[in-house]
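# Coordinate inspection notes
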Amino acid sequence: MKTYRNLFNFVCIAVGVLFVLNPLIYAGTNAFEKLRKESANIKTLKANFVQKKSMKILSRPLVSDGRFYYIAPDSFRWEYVKPVKSIVIAHKNSTKRYVYSDGKMVEDKMGGAQAMKIVLNEIAGWINGRFDQNPSFTATIHGGTNTMITLTPAGQSMAGMIEKIEIVLSREAATVKSVKIIEDANSFTQINFQNVEINKSINPSVFQDVK
Amino acid sequence: MKGILFLILTILLFSCQTLPLINSPVSSVNQKALTCPAPFLKEKYRLVHTIETRMAGDTRSTIIGVTLADPSTRSVSCAVMTAEGMTLFEAESEPGVLKVNRALPPFDSVDFAKNMIDDIKLIFFVPEGKLQTKGNFPDGATVCRYSEENGDWIDVIADKSKRTEIKRYSSSGILRRQIRFNKTAGNIYQHIELQANEQFNYSLLMTLIEAQPVKSKLLRTKSSGNTQR
């Protein structure tokens, strides 16, 4: 479960971090170096997302809607609105997940908060531009109409869980367009982002209030 | 010595529980007229539920469950995923065959896959065993009792307000599973509550996201052929 938690949090927060690193619209060996410089400009970020889960057992993708908030340096809120209400909040060195039960949000007790903390420490490194130094994944950048970053598991710890993650960046808007998490040949999750707002005011209560 | 014998007898007495008493209609005409509750699938269906897991009354987590169940072949495919879309478990079962395609901890034990498929069959399929008794409980609820090949007993119950319940007992009469369908109108699978009595008791609250009948490939081929004509 711990490994899964690590992976889940990696995916959630990696998406967030990639938003922060969104000015990446070039490819090459110095790309990650440039990322580090440009990521310093992002102070806040807010977006809606639509997630489509596809797998063999489903005749059509299972669609979920949600919202994402970020305030530098390390406050995140990753919230699903429907069909299942759930929230992951990382704020002030604490990470918690909440699920909807009996008309209110309650803390998820299945996961290991400690595991989340470990992941966040890695994420902090990425925010500082050390994105290509996460030992769990090998990151490659591909140029083109839209820039794509591919993350491939580097070791055996995620074997059988995830094949790769593809992140597409929009050239025009210089923001993340979509993230595709490929589990295997029959199963993947596509997350498309909309209404992205950068450096606009976000009420800090979104990282405390779980209503 | 007498004390030890007394202790053993006491333990045995308490470990052998009895099944709830069913009053069967005296006349065979009345017995025939009594219809067994059947909250079961009649055709192949795909169902997606949110599943809230609870232990000791506390919500532990919420996951999404997908079930593809065909009552005609008693085959089941199922998957469990997180709200974030991560697949935790995927398996398919046909009579006598269980194939686990993906199982991440803590869903990777052999027992988990078997128990999950058994629970799905208990919820959605008519019991495979022999109909043993039908009648009423003292409170008036209608009940049909099936004896399974492995010695278990399954009671399918409809109370006076038409609320349906399934109970599975071990061969020694210990209640193992209790399933409540908390919807009397509309889709009966809208709200399902499963109570499991194991070493660590737990309950699952299932809320329907979507339900969709699945046509067999043969039927689909035929209907598309008809459309072309």
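The shown structure was predicted, so the numbers you read here are calculated from the model rather than taken from an experiment.

## Concerning the interface of chain A and chain B
Opposite the 37 residues of chain A that make contact, chain B presents 32 residues. Summing both partners gives a buried area of about 3,000 Å² for chain A against chain B, and 58% of it is carried by carbon and sulfur. Counting across the chain A and chain B interface gives five salt bridges. Put simply, R54 of chain B and D102 of chain A hold a salt bridge, and the shortest N to O gap is 2.9 Å. Linking chain A with chain B are 16 residue pairs in polar contact (both at pLDDT 80 or more), by the criterion used here. Top contributing element to the side of chain A that touches chain B by residue count: helix α1 (residues 2-20) of chain A, with five residues. Of the residues contributing to the side of chain A that touches chain B, the split by class is 20 nonpolar, eight polar and nine charged.

## A look at the confidence of the model for chain A
All names here are of chain A. The share of residues in chain A with pLDDT of 70 or more is 65%, and the mean pLDDT across the chain is 75. Note that pLDDT drops below 50 for residues 19-29; the model gives that stretch 42 contacts with residues more than four away or on any other chain. The low-confidence segment residues 122-129 (pLDDT under 50) makes 20 contacts with residues lying over four places distant or belonging to another chain.

## A short note on the packing of aromatic side chains
Residue and element names in this part refer to chain A. All chains considered together, the criterion is met by twelve aromatic pairs over all chains. The rings of F49, F68, Y70, F76, W78, Y80 and F193 are connected pair by pair, giving a single aromatic cluster. The ring of Y100 has K85 sitting right over it, with the charged end atom 4.7 Å from the ring centre. The lysine or arginine in question, K180, covers the ring of F188, its NZ or CZ lying 4.5 Å from the ring centre.

## Concerning the sheet that holds strand β4 (residues 87-94) of chain B
Residues and elements named next belong to chain B. Judged by pairing direction, the sheet is antiparallel, and its twelve strands sit side by side in the order β5-β4-β3-β2-β1-β12-β11-β10-β9-β8-β7-β6 without closing on themselves. Both outer strands of the open sheet, β5 (97-103) and β6 (130-136), are each paired with one neighbouring strand and no more. With strand direction ignored, the average angle separating the axes of adjacent strands in the sheet is 20 degrees. Bridging between strand β7 (residues 142-147) and strand β8 (residues 153-158) involves six bridges; their strand directions are antiparallel. When the bridges of β8 are listed, S147 appears paired with W153.

## Some thoughts on the pairing of strand β8 (residues 147-153) of chain A
All names here are of chain A. Most of β8 sits out of view: five of its seven residues are buried. By the bridge criterion, six bridges tie strand β7 (residues 137-142) to β8 in an arrangement that is antiparallel. From the neighbouring strand, I141 faces β8, where its bridge partner is I149. Bridge count between β8 and strand β9 (residues 164-169): five bridges; the pairing is antiparallel. Among the inter-strand pairings, T147 is bridged to a residue of β9, identified as L169.

## Thoughts on the environment of D155 of chain B
Residues and elements named next belong to chain B. Within the secondary structure, D155 sits in strand β8. Counting along the chain gives 74 residues from D155 to M81, while the straight-line C-alpha distance between them is 31 Å. When near neighbours in sequence (up to four residues on either side) are disregarded, D155 contacts P20, F137, V143, C144, R145, E165, I166, K167 and Y169. A distance of 2.7 Å separates a polar atom in the side chain of D155 from a polar atom in the side chain of R145.

## Here we look at the state of the cysteines
Linking two cysteines covalently via their sulfur atoms produces the bond known as a disulfide. All names here are of chain B. Scanning the model with the defined rule gives one disulfide over all chains in all. Each disulfide pairs two cysteine sulfurs, and for C36 the partner residue is C144, the sulfurs being separated by 2.0 Å. Around the S-S axis, the bridge from C36 to C144 shows a dihedral of about -90 degrees and counts as left-handed. Within this pair, whereas C36 is found in the loop between α2 (28-33) and β1 (45-55), its partner C144 is found in strand β7, the two being separated by 108 residues in sequence. A relative accessible area of 0% places C144 in the buried class.

## Looking at the sheet that holds strand β5 (residues 94-101) of chain A
Residues and elements named next belong to chain A. The eleven strands lie next to each other as β6-β5-β4-β3-β2-β1-β11-β10-β9-β8-β7, forming an open sheet whose pairing is antiparallel. At either end of the open sheet lies a strand with only one pairing partner, and these are β6 (104-107) and β7. This sheet shows a mean twist of 20 degrees between the axes of neighbouring strands, independent of strand direction. Strand direction decides the pairing type here: strand β1 (residues 44-54) and strand β11 (residues 187-198), joined by nine bridges, are antiparallel. Paired with K52 across the strands is Q190, a residue of β11.

## Some remarks on the side chain of R102 of chain B
Counting through the fold element by element, R102 of chain B comes out in strand β5. In this structure R102 of chain B comes out as buried when scored by relative accessible area, which is 6%. If sequence neighbours within four positions are ignored, R102 of chain B has contacts with G160, M161, E183 and D184 of chain A together with M86, T87, L88, F89 and E90 of chain B.

## Thoughts on the environment of S205 of chain A
Among the structural elements, S205 of chain A can be located in the segment after β11. Under the relative-accessibility criterion, S205 of chain A is labelled partly exposed at 29%.

## A few points about the pairing of strand β3 (residues 75-82) of chain A
Residues and elements named next belong to chain A. Most of β3 sits out of view: six of its eight residues are buried. Where strand β2 (residues 62-71) meets β3, seven bridges bridge the pair, whose relative direction is antiparallel. Paired with R67 across the strands is E79, a residue of β3. Remark: three residues form the turn of the hairpin made by β2 and β3, two consecutive strands paired antiparallel. For β3 and strand β4 (residues 86-91), the ladder comprises five bridges, and the chain directions are antiparallel. Its bridge partner being in β4, F76 is matched across the sheet by A90. Between β3 and β4, which follow one another and run antiparallel, lie three residues.

Each value, and the rule that gives it
- Starting from 1, residues in each chain are numbered consecutively following that chain's sequence as written.
- The naming scheme follows written order: chains are lettered A onward, ligands numbered 1 onward.
- Given that the model is predicted, a residue must reach a pLDDT of at least 70 before its local features are reported, and side-chain atom pairs must reach 80 or more before they are shown or counted; all residues, however, enter totals for whole chains, interfaces and linings.
- To get the side-chain values, all heavy atoms of the structure are used, and hydrogens and water are removed first.
- In this description, contact between two residues means that some pair of their heavy atoms is separated by no more than 4.5 Å.
- Summed over both partners, the accessible area (1.4 Å probe) lost when two parts come together is defined as the buried area.
- The salt bridge criterion pairs a side-chain nitrogen of Lys or Arg with a carboxyl oxygen of Asp or Glu, the two atoms within 4 Å.
- We call two N or O atoms a polar contact when they sit within 3.5 Å, provided that within protein one can donate a hydrogen and the other can accept it, with sequence-adjacent residues counted only if both atoms are side-chain atoms.
- Numbering of helices and strands starts at the N terminus; helices are DSSP runs of H or I of at least 4 residues and strands are runs of E of at least 2.
- All amino acids are sorted into three groups, where Ala, Val, Leu, Ile, Met, Phe, Trp, Tyr, Cys and Pro are nonpolar, Asp, Glu, Lys and Arg are charged, and the leftover types, Gly among them, are polar.
- The quantity known as pLDDT measures the predictor's confidence residue by residue, on a range of 0 to 100.
- Between the rings of Phe, Tyr and Trp (Trp by its six-membered ring), a pair exists once the centres lie within 6.5 Å; its type follows the angle of the planes, with under 30 degrees stacked, over 60 edge-to-face, and the other angles tilted.
- The criterion is that NZ of a Lys, or CZ of an Arg, lies within 6 Å of the ring centre and within 35 degrees of the ring normal, and then a charge sits over that ring.
- For two strands to be treated as a pair, DSSP must find at least two bridges joining them.
- The angle between two axes is taken between their N-to-C directions and runs from 0 to 180 degrees, where each axis is a line fitted to C-alpha atoms and a helix contributes only its stretch in contact.
- For each residue, the accessible area found with a 1.4 Å probe, counting protein chains only, is set against the maximum for its type, and the residue is called buried under 20%, exposed over 50%, and partly exposed in between.
- A pair of cysteine sulfur atoms is labelled a disulfide when the two atoms are within 2.5 Å.

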